[in-house]
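One-letter residues, chain by chain:
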Amino acid sequence: MGSVFRKLCCCCAGDDDDDDEKQPLVPQDPLEYFNREVQKRRDEETNLWSEPGDRSHSERPDDRVLYGLLQARTKTRMGSTGYRRLSVGIEAMRDTRREVREKWKQILENLGFMAEADSLLNVSAGASHDRMRNAPAARELLHTLHTETSVFYSREPPPERYLLILDRLLYLDIAEDFLATAKRFYPPNDDSDEEAPGLAINLPLLMARVEAMNGRATEEDESERDD
């Protein structure tokens, strides 16, 4: 058991190394650097980006839609109808991502990793596919989880963040146990089952609505200023 926890420390500490190497040893403004790091981690924990290493959030359709919603909201007056509509879309996508993460956490806790589950599931923006120890096996496991369990809600490709997590589980030699538990806890849904909202949303349609909301929000703001 001791070797497992030594491996755990190694695999969970690795993601931040890339970011640390890119930063100067002595930041010009330590307070600004600290605030930026706090905001970056809060952003990741809140949005659970499907492709955490993509800082532009443009590579995957679901990330692109969520980022578009967030950007549109920053340009919309708080309290307006457009702002509220955008917030509903943002929270719907975030809720679905959190629910998927909670499923993974429940499985890990069932395997005895109550104290370590959050660390195992944390994927920072510094995570890199180049540093994966067993990418092919992790990719195969992710496909199996996607097709033979209901840990993911969408029929779209599963989030890449979980590929990185599965690589950790392979390193800890608990990936097969995780898969077996996932199959037991979350068997595949019948075709008649309804899909959950969020990632199962028609993403191109949602993005088109975001653009339309931007136009309407601008008109509403101008109208409210004239009243």
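Conventions adopted
Residues numbered from 1 in each chain as written. Predicted model: local features only at pLDDT ≥ 70, side-chain atom pairs only at ≥ 80, totals over all residues. Heavy atoms only, no water. Helix = DSSP H or I, 4+ residues; strand = E, 2+ residues; numbered from the N terminus. Contact = heavy atoms within 4.5 Å. Phe/Tyr/Trp six-rings, centres within 6.5 Å; stacked < 30°, edge-to-face > 60°. Lys NZ or Arg CZ within 6 Å of the ring centre and 35° of its normal. Core = buried A, V, L, I, M, F, W, Y, C linked by side-chain atoms within 4.5 Å. Buried < 20%, exposed > 50% of the residue type's maximum accessible area, 1.4 Å probe, protein only. Polar contact = N/O pair within 3.5 Å; in protein donor to acceptor, adjacent residues only side chain to side chain. Axes fitted to C-alpha atoms, helices over the stretch in contact; angles between N-to-C directions. Left-handed = near helix turned anticlockwise from the far one by under 90°. Nonpolar A, V, L, I, M, F, W, Y, C, P; charged D, E, K, R; others polar. Parallel < 35°, antiparallel > 145°, perpendicular 65-115°, else oblique. Expected span 1.5 Å × (residues − 1). pLDDT = per-residue confidence, 0-100. Patch = residues over 30% accessible without salt bridge, like charges linked within 9 Å, V, L, I, M, F, W, Y side chains within 5 Å. Areas by Shrake-Rupley, 256 points an atom, 1.4 Å probe, with all protein chains shown as cover. Salt bridge = Lys/Arg side-chain N within 4 Å of Asp/Glu carboxyl O. Lys, Arg positive; Asp, Glu negative; His and termini not counted. Charge placed at Lys NZ, Arg CZ, Asp CG, Glu CD.

Caption draft 1: Highlighting the overall build of the chain. Helix and strand counts for the chain come out as ten helices and zero strands. Listing every helix and strand of the chain by position from the N terminus yields α-α-α-α-α-α-α-α-α-α. Long-range contacts, defined as pairs at least 24 residues apart, comprise 74% of the intrachain contacts of the chain with a sequence gap of at least 6.

Caption draft 2: View of the packing of aromatic side chains. Under the counting rule described, the total for this entry stands at six aromatic pairs. A centroid spacing of 4.7 Å and a plane angle of 40° characterise the contact between Trp104 and Phe178, whose relative ring orientation is tilted. In this pair, Trp104 is assigned in helix H5 (residues 81–110) and Phe178 in helix H9 (residues 175–185), connecting sequence segments 74 residues apart. By way of ring pairs, the aromatic residues Trp104, Phe152, Tyr162 and Phe178 are connected into one cluster. Positioned above the aromatic ring of Tyr171 is the side chain of Arg133, whose terminal nitrogen or guanidinium carbon lies 4.0 Å from the ring centre.

Caption draft 3: View of the nonpolar core. In terms of nonpolar packing, the biggest core is built from 30 residues, with Trp104, Leu108, Leu145, Val151, Phe152, Leu166 and Leu169 touching the most fellow members. Looking at this core, the elements with two or more residues in it are H5, helix H6 (117–121), helix H7 (135–148), helix H8 (161–171) and H9. A per-element tally of this core places H8 first, with six residues. Apart from the residues lying within four places of it in its own chain, the contact partners of Leu108 are Phe113, Ala117, Leu120, Leu121, Leu169, Ile174 and Phe178. Val65, Leu69, Ala72 and Met93 belong to the second-largest nonpolar core, a separate cluster that totals nine residues.

Caption draft 4: A look at the side chain of Arg97. Relative to the elements of secondary structure, Arg97 occurs in helix H5. The class for Arg97 is buried, based on a relative accessible area of 4%. Within the structure, the side chain of Arg97 is placed 3.1 Å from the backbone oxygen of Leu48, a separation counted as a polar contact.

Caption draft 5: Local environment of the environment of Tyr83. Positionally, Tyr83 belongs in helix H5. Between the alpha carbons of Tyr83 and Leu69 there is a distance of 9.9 Å; along the sequence they are 14 residues apart. Residues within four places of Tyr83 in sequence aside, it is in contact with Arg73, Thr76, Arg77 and Met78.

Caption draft 6: View of the packing of H5 against H9. Relative orientation of the contacting elements H5 and H9 amounts to 115°, with a least axis distance of 10 Å. Crossing handedness for the pair H5 and H9: right-handed. Residues Trp104, Gln106, Ile107, Leu108 and Asn110 of H5 pack against Phe178, Thr181, Ala182, Arg184 and Phe185 of H9. Its residues placed into classes, the contact of H5 with H9 shows six nonpolar, three polar and one charged.

Caption draft 7: Examining the packing of H5 against H8 more closely. Between H5 and H8, the least distance of the axes is 13 Å, while the angle of their chain directions is 5°. Judged on the interaxial angle alone, H8 and H5 are roughly parallel. In contact with Arg97, Val100, Arg101, Trp104 and Leu108 of H5, H8 contributes Tyr162, Ile165, Leu166 and Leu169. The residue inventory of the contact of H5 with H8, partitioned by class, reads seven nonpolar, no polar and two charged.

Caption draft 8: Here's a closer look at H5. Given a rise of 1.5 Å per residue, 30 residues ought to cover 44 Å, and the 43 Å separating the end C-alpha atoms of H5 matches this to within 8%. Gly112 sits one or two positions beyond H5 and adopts a positive phi of about 105°.

Caption draft 9: Structural detail: the confidence of the model for the chain. For the chain, per-residue confidence averages 81 on the pLDDT scale, and residues scoring 70 or more make up 70% of the total. At the low end of the mean pLDDT range in the chain sits helix H2 (residues 15–22), at 52; at the high end sits H9, at 97. When the criterion is pLDDT under 50, residues 194–199 qualifies, and its contacts beyond four places in sequence or with other chains add up to 14 contacts.

Caption draft 10: Spatial organisation of the environment of Thr96. Summarising the element assignment, Thr96 is placed in helix H5. Spatially, the C-alpha atom of Thr96 lies 8.0 Å from that of Tyr153, the residues being 57 residues apart in sequence.

Caption draft 11: Here's a closer look at a negative patch on the surface. Judged by side-chain charge, Glu140, Asp173, Glu176 and Asp177 come together as a negatively charged surface patch. Residue Glu176 is classed as exposed on the basis of its relative accessible area of 54%.

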